[in-house]
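Here is how the chains run, residue by residue.
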Amino acid sequence: MTEGPRDCSIANAMEVIGERWSLLALREVFFGARRFDQIVRNTGASRDILTARLRKLVETGILEKRLYEEHPPRYEYVLTEAGHALNHVLLNLMAWGDKYVTEGPPPTVWRHSCGEELAPETVCAHCHEPVREKDMTLVRSTRRVRAS
């Protein structure tokens, strides 16, 4: 038996949300666009690609498809608990893009309830201190075992 690739929650998550149109569709739902036509317009995705990505997000429990009109049947997409949990991931990805990729001022700015411009930060749930690489120690990392 040989060691295979590292078993990793990042890789597992990327299987579900790691495609551009999935992330942009989630962005739109976070921004309040819940109907298919709104999401198509705001992402620029083709209808068939967006249909496939939304279907996967529903199948994996990140979005829920809800009927809002019966005749003809029309649906909207709403975040589930798992979908809401991705908010901090998208905010941190946006902050990274603002700092390292986007030229000029950030295209999207959020204001926090404290009144200040939102600057997301990852903190330890136990001590509430910022998470920095130098403060982290790897405890466990497993690899998949493959038959040789």
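Residues numbered from 1 in each chain as written. Predicted model: local features only at pLDDT ≥ 70, side-chain atom pairs only at ≥ 80, totals over all residues. Heavy atoms only, no water.

The name an unreviewed UniProt entry assigns to the chain is HxlR family transcriptional regulator, from the organism Amycolatopsis orientalis.

Asker: Explain the environment of Val-89 to me, and be specific about the residues and the numbers.
Answerer: Structurally, Val-89 can be placed in helix H6 (residues 87-100). The exposure class assigned to Val-89 is partly exposed, which follows from its relative accessible area of 36%. As a C-alpha pair, Val-89 and Arg-53 span 36 residues in sequence and 18 Å in three-dimensional space. (Helix = DSSP H or I, 4+ residues; strand = E, 2+ residues; numbered from the N terminus. Buried < 20%, exposed > 50% of the residue type's maximum accessible area, 1.4 Å probe, protein only.)

Asker: Go over the environment of Trp-96, please, and point to the residues and values.
Answerer: Along the chain, the position of Trp-96 falls in helix H6. In this structure Trp-96 comes out as partly exposed when scored by relative accessible area, which is 49%. Here the alpha-carbon distance between Trp-96 and Pro-120, two residues 24 residues apart in the chain, equals 10.0 Å.

Asker: So, the layout of surface pockets: which residues are in play, and what are the values?
Answerer: Estimated volume of the largest pocket: approximately 630 Å³. Leu-24, Arg-27, Leu-90, Leu-93 and Met-94 are, among the 22 residues lining the largest pocket, the residues nearest its centre. Tallying contributions element by element places H6 first for the lining of the largest pocket, with 8 residues. Partitioning the lining of the largest pocket into residue classes produces 13 nonpolar, 5 polar and 4 charged. (1 Å grid on protein atoms, 1.4 Å probe; cavity = no way out; pocket = protein on both sides within 12 Å on 5 of 7 lines; lining within 4 Å. Points joined across faces, edges and corners; volume = space filled by probe spheres on them. Nonpolar A, V, L, I, M, F, W, Y, C, P; charged D, E, K, R; others polar.)

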